[in-house]
Amino acid sequence: DTEVTANPQTSYVALALNFNFLARMLQDPTDNFRTAAESSVAEGVDVVVCTLADDLTQTVGGIGQNVTEATFLDGLVVLKNAAKQKAMPGNRVFIFHHNQLDDVIPSTQNWMQYQIRGDGKSTVVTGELKEVYGFRFLESGNIQNVGGLFHNPLFVPDHTFGLAYNQTPTVKVEERDLARLVICWTDFAAVTIHTDRGVDYLNPM
């Protein structure tokens, strides 16, 4: 029910490995550097997408308010009222900064209880929250920090934000004289589709 225009961006990394360096390695390091290059490019995309949380007009939390179950459920109600049937259980996502693990896990005891989670896995044992109250939980070190507040988004995938690729992440290794050049790049566009159909959960550092 809406049309948006996004400007493409490129995330790119290149690394030259000299043959004398490669000769000192017991194993071919290009696989390790290839993986590292892919992770760097993915991080570039993640940083851009996480800045979109600041576009959301609906907010909960604020200065001096850590992540709590009550405030999280307030965010759920706001998201549900805004996105309606799009925000059904299983189609909701909450991304928080990993510096807030000490708030998210211990201060929300009810999220750990099996009768709420619907399974027998204890978060105290696994150290992670995967799915709670119909949300997928993800942690990211790329959550935007503005004015001492983390902007943690609660959103509906492909409805609140959009991410598209002109060039999917691609890695290639080229020989350049006495070196090998590892190159990874992607051309992508990230955009906020509905500014009022997600929730910016504001929490202190």
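Residues numbered from 1 in each chain as written. Predicted model: local features only at pLDDT ≥ 70, side-chain atom pairs only at ≥ 80, totals over all residues. Heavy atoms only, no water.

1. Observations regarding the overall build of the protein
Turning to step 1, where the next piece is worked out: The number of helices and strands found in the protein is 6 helices and 10 strands.
Turning to step 2, where the next piece is worked out: Out of the 205 residues belonging to the protein, those deemed buried represent 40%.
Turning to step 3, where the next piece is worked out: Across the protein, the fraction of contacts at a sequence separation of at least 24, relative to all contacts at a separation of at least 6, is 78%.
Turning to step 4, where the next piece is worked out: When the accessible surface of the protein is split by element, carbon and sulfur atoms take 50% of a total near 11,200 Å². (Helix = DSSP H or I, 4+ residues; strand = E, 2+ residues; numbered from the N terminus. Buried < 20%, exposed > 50% of the residue type's maximum accessible area, 1.4 Å probe, protein only. Contact = heavy atoms within 4.5 Å. Areas by Shrake-Rupley, 256 points an atom, 1.4 Å probe, with all protein chains shown as cover.)

2. Topic: the pattern of salt bridges
Turning to step 1, where the next piece is worked out: Tallied over the full model, the rule gives 3 salt bridges.
Turning to step 2, where the next piece is worked out: Put simply, Arg-197 and Asp-196 hold a salt bridge, and the shortest N to O gap is 4.0 Å.
Turning to step 3, where the next piece is worked out: Residue classification places Asp-196 among the partly exposed residues on the basis of a relative accessible area of 36%. (Salt bridge = Lys/Arg side-chain N within 4 Å of Asp/Glu carboxyl O.)

3. Re the confidence of the model for the protein
Turning to step 1, where the next piece is worked out: Summary statistics for the protein give a mean pLDDT of 85 and a share of 85% for residues scoring 70 or more.
Turning to step 2, where the next piece is worked out: Mean pLDDT per element in the protein: helix H5 (residues 114-117) is the minimum at 57, and strand S7 (residues 149-155) is the maximum at 94. (pLDDT = per-residue confidence, 0-100.)

4. Concerning the packing of aromatic side chains
Turning to step 1, where the next piece is worked out: Tallying each qualifying case throughout the model produces 8 aromatic pairs.
Turning to step 2, where the next piece is worked out: Consider the rings of Phe-72 and Phe-94, whose centres lie 5.4 Å apart with planes at 65°: the pair is edge-to-face. In this pair, Phe-72 is assigned in helix H3 (residues 69-83) and Phe-94 in strand S3 (residues 92-96), connecting sequence segments 22 residues apart.
Turning to step 3, where the next piece is worked out: Phe-72 sits in the buried class, given a relative accessible area of 0%.
Turning to step 4, where the next piece is worked out: According to the relative accessible area criterion, Phe-94 is buried, its value standing at 0%.
Turning to step 5, where the next piece is worked out: These aromatic residues form a ring-pair network of at least three members: Phe-72, Phe-94, Phe-96, Phe-135, Phe-137 and Tyr-201. (Phe/Tyr/Trp six-rings, centres within 6.5 Å; stacked < 30°, edge-to-face > 60°.)

5. Points about unusual backbone geometry
Across residues other than glycine, the phi torsion is negative in most instances, and most of the peptide bonds are trans.
Turning to step 1, where the next piece is worked out: One non-glycine residue with positive phi stands out, namely Lys-84, at about 55°.
Turning to step 2, where the next piece is worked out: Here Lys-84 is to be found in the loop between H3 and S3.
Turning to step 3, where the next piece is worked out: Of note in the backbone geometry, Asp-177 takes a positive phi value of approximately 55° without being a glycine.
Turning to step 4, where the next piece is worked out: Along the polypeptide, Asp-177 turns up in the loop between strand S8 (161-176) and strand S9 (179-192).

6. Observations concerning the nonpolar core
A general tendency of soluble globular proteins is for nonpolar side chains to be buried together.
Turning to step 1, where the next piece is worked out: Judged by nonpolar contacts, the single largest core of 17 residues is most densely connected at Phe-72, Leu-79, Phe-94, Phe-135, Phe-137, Leu-154 and Tyr-201.
Turning to step 2, where the next piece is worked out: Mapped by element, the contributors of at least two residues to this core are H3, S3, strand S5 (135-139) and strand S10 (199-204).
Turning to step 3, where the next piece is worked out: Of all the elements, H3 adds the most residues to this core, at 4 residues.
Turning to step 4, where the next piece is worked out: Counting 13 residues, the second-largest nonpolar core is a separate cluster that includes Val-45, Cys-50, Leu-56 and Phe-150. (Core = buried A, V, L, I, M, F, W, Y, C linked by side-chain atoms within 4.5 Å.)

7. Notes on H3
Structurally, the α-helix is built with 3.6 residues per turn, so residues lying three or four positions apart point the same way.
Turning to step 1, where the next piece is worked out: Taking 1.5 Å of rise per residue, the 15 residues of H3 would be expected to cover 21 Å, and the 21 Å separating its terminal C-alpha atoms lies within 8% of that figure.
Turning to step 2, where the next piece is worked out: Restricting attention to buried positions, one finds in H3 the residues Glu-69, Thr-71, Phe-72, Gly-75, Leu-76, Leu-79, Ala-82 and Ala-83. Mapping the buried residues of H3 onto a view down its axis gives an arc of 160°, with all of them on the same face. Relative to its buried face, H3 has exposed residues pointing more than 90 degrees away, namely Ala-70 and Asn-81. (Expected span 1.5 Å × (residues − 1). Arc of directions from axis to C-beta.)

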